[in-house]
Amino acid sequence: MIETRKGNTLPCNRRSSNNVNQMEAAPLPAGRKRSTSATMLVCLIAGVVAGYALAAFVVYQPQVASLQEDLSNTRADLSALQADYDSLRDDYAQLGLEHSSLNVSYWELYSDHSRLLSDYSELSSEHGELEDAHSATTSNYKSLSNEVRELYGVLISYSFVPEAFRRVLNDGEVQMTSDAVSSATGSSQDFWPSVENIYDYIVSNIRYVNDIEMPYLSAYRQVKLEGFDYITGFTVTTYKNYVQTPGLTLEVNQGDCDDQAVLAYAMIKYYMKHIHMTEYILYIARLEFSNGDAHLAVFQPVQEGQLCIIDPAGKYLTSRWGSIASEEALPELRAYSDYWLGSAGGISHIELYDVDVTDGSYALVGEGNIDQVAPIFK
Ligand SMILES: [Ca+2]
């Protein structure tokens, strides 16, 4: 601070410099001097300020430029972020729509899933019931198939020889002839007269009648599944033949050749076992004639290759001098064939069966034409 004094004038000799002297030589009024100093002060301050400003400008100008650049970059970033924001907002809106759509689909699928679960449960229950029904049906089908096979055998046994033997020549059926045998033989122990009396009994008491048409299963079809043969169908055919039991033939007093031959076989076997007390070999002979007809008769083999033919239906009994007899097998078979020559064309084929009358089981002893069968009796 510069101090000024009011009202006094400074002495001249107290200044050594020229400038000061000049000033002293032309002294200015006191107020004018103060104005100059203020101006200078202002100028000085202004200069200082300007200097500072210049210095600040020099110093801070790069920073300002950098800040401006940063500002510009920030604005660009802001603009990019705004664009990103707008895009994300659009995406969000789109995702919102998709979410709503997916939500609707989800509930639809949830509903479908619930319904399918319910359907699955119901179908599982039905499947279980069907499996039970299938198991029962399979069991019934197996039973039915077995019964059809059994029916096939039963119907065959009603119309065909030798399949009929088990049904008509078992012990129960043979026992049914007891009264007839006693009546015919008088319980005599004399074998040959008793056999002849049995023959005569049948000829006298059993009327010859033709059989009726009998149905039978001529064929059946089957498929194998899991090791079992299921019958899928069958063919029904009729055959004019019915092999009666001895009991029925005696009851109705009629029958054709097979019925009368079966009755003769049963009565002679009953006589052997229960009256004569010796059971000899006895054959049932199934004959085929040249005209295609078939016939049944009883053949009694005798020692030394002889044969006695007992055929009540054919009215043929091996005889000599009007009484039952046995003859050498081959000539007797030829004579028997000649007996049929006029009506059936003679015998073309013979099957000999030995039947066990306890259960009707049988064995085919031999078969062939007359010349082939005759040696069996040797
Ligand atoms: Ca018959």
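**Details of the overall build of the protein**
Piece 1. For the protein, the count of helices and strands is eleven helices and 13 strands.
Piece 2. Here the C-alpha radius of gyration of the protein, 70 Å, is well above what a compact globule of 378 residues would show, namely 21 Å.
Piece 3. By principal-axis analysis of the C-alpha atoms, the protein measures approximately 220 × 40 × 40 Å.
Piece 4. Residue burial in the protein is summarised as follows: out of 378 residues, 23% are buried.
Piece 5. Across the protein, contacts joining residues at least 24 apart in sequence account for 57% of those joining residues at least 6 apart.

**Re helix α8 (residues 257–274)**
Piece 1. Counted at 1.5 Å a residue, the expected span for α8 with its 18 residues is 26 Å, and the 25 Å between its end C-alpha atoms agrees.
Piece 2. Taking burial as the measure, the 18 residues of α8 include 16 buried ones, the bulk of the element.

**A few points about the nonpolar core**
Piece 1. Counting residues in each nonpolar core, the largest one holds 58 residues, and the members touching the most others are Ile198, Ala261, Ala264, Tyr265, Met267, Ile268 and Val298.
Piece 2. With twelve residues, α8 is the largest single contributor of residues to this core.
Piece 3. Excluding residues within four positions of it along the chain, alanine 261 makes contact with Ile284, Leu296, Ala297, Val298 and Ala313.

**A word on the confidence of the model for the protein**
Piece 1. In this model, the protein carries an average pLDDT of 90, and 91% of its residues clear a pLDDT of 70 or more.
Piece 2. Throughout residues 1–28 the model reports pLDDT below 50, and contacts reaching past four residues in sequence, or to other chains, amount to nine contacts.

**Structural notes on helix α5 (residues 178–185)**
Piece 1. What α5 keeps buried is the set Ala180, Val181, Ala184 and Thr185. Seen along its axis, α5 keeps its buried residues to an arc of 110°; they face one direction.
Piece 2. Just past α5, the residue glycine 186 takes up positive phi, approximately 65°.

**Focus on the pairing of strand β5 (residues 283–289)**
Piece 1. Most of β5 is tucked away: five of the seven residues are buried.
Piece 2. In this structure, β5 lies alongside strand β6 (residues 294–302), joined through six bridges in antiparallel fashion. Among the inter-strand pairings, leucine 287 is bridged to a residue of β6, identified as histidine 295.
Piece 3. Where β5 folds back on β6, the antiparallel hairpin that results is connected by four residues, among which glycine 292 adopts a positive phi of roughly 100°.
Piece 4. Pairing of β5 with strand β12 (residues 347–356) involves seven bridges; the strand directions are antiparallel. Bridge pairing links leucine 287 to isoleucine 350 in β12.

**With respect to unusual backbone geometry**
Piece 1. That bond from valine 161 to proline 162 is cis: its omega, 15°, falls within 30 degrees of zero.
Piece 2. Its identity is not glycine, yet asparagine 253 carries a phi of approximately 55°, on the positive side.
Piece 3. Tracing the sequence through the fold places asparagine 253 in the loop between α7 (246–252) and β4 (254–255).
Piece 4. Judged by the 10 C-beta atoms lying within 10 Å of it, asparagine 253 falls in the exposed class.
Piece 5. One non-glycine residue, tryptophan 321, adopts positive backbone phi at about 55°.

**Structural notes on the packing of helix α6 (residues 191–205) against α8**
Piece 1. Viewed as axis vectors pointing N to C, α6 and α8 meet at an angle of 145°, and their least axial separation amounts to 10 Å. Viewed along their axes, α6 and α8 form a crossing whose handedness is right-handed. Touching Ser194, Val195, Ile198, Tyr199 and Ile202 of α6 are Gln260, Leu263, Ala264, Met267, Ile268 and Tyr271, all from α8.

**Quick word on the environment of leucine 155**
Piece 1. Tracing the sequence through the fold places leucine 155 in helix α2 (residues 30–159).
Piece 2. Along the sequence, leucine 155 and glutamine 222 sit 67 residues apart, while their C-alpha atoms lie 18 Å from each other.
Piece 3. Those residues within four positions of leucine 155 in sequence are excluded, and the remaining contacts are Pro215, Tyr216 and Leu217.

**A closer look at the pairing of strand β2 (residues 214–225)**
In summary, the side chains of a regular strand alternate between the two faces of the sheet.
Piece 1. Among the twelve residues that make up β2, zero are buried, leaving the element largely open to the surroundings.
Piece 2. In this sheet, strand β3 (residues 228–239) lies alongside β2 in antiparallel orientation, the contact comprising eleven bridges. Bridge pairing links valine 223 to tyrosine 230 in β3.
Piece 3. As consecutive antiparallel partners, β2 and β3 are separated by two residues, and within that stretch glutamate 226 has a phi angle of approximately 50°, a positive value.

**Describing the packing of α5 against α6**
Packed helix pairs are specified by the crossing angle of their axes together with the interaxial distance, meaning the distance between the axes.
Piece 1. Taken N-terminus to C-terminus, the directions of α5 and α6 make an angle of 115°; their axes are 8 Å apart at the nearest point. By the angle class used here, α5 and α6 are roughly perpendicular. Read as a crossing pair, α5 and α6 show a hand that is right-handed. Side by side, α5 and α6 meet where Ala180, Val181, Ser183, Ala184 and Thr185 of the first sit next to Ser194, Asn197, Ile198 and Tyr201 of the second.
Piece 2. Residue composition of the contact of α5 with α6, grouped by class: five nonpolar, four polar and no charged.

Conventions we followed
Residues numbered from 1 in each chain as written. Predicted model: local features only at pLDDT ≥ 70, side-chain atom pairs only at ≥ 80, totals over all residues. Helix = DSSP H or I, 4+ residues; strand = E, 2+ residues; numbered from the N terminus. Rg over C-alpha atoms; globule rule 2.2 N^0.38 Å. Buried ≥ 20, exposed ≤ 12 C-beta atoms within 10 Å, placed from the backbone. Contact = placed C-beta atoms within 7 Å. Expected span 1.5 Å × (residues − 1). Core = buried A, V, L, I, M, F, W, Y, C linked by C-beta atoms within 7 Å. pLDDT = per-residue confidence, 0-100. Arc of directions from axis to C-beta. Pairing = 2+ DSSP bridges. Axes fitted to C-alpha atoms, helices over the stretch in contact; angles between N-to-C directions. Left-handed = near helix turned anticlockwise from the far one by under 90°. Parallel < 35°, antiparallel > 145°, perpendicular 65-115°, else oblique. Nonpolar A, V, L, I, M, F, W, Y, C, P; charged D, E, K, R; others polar.

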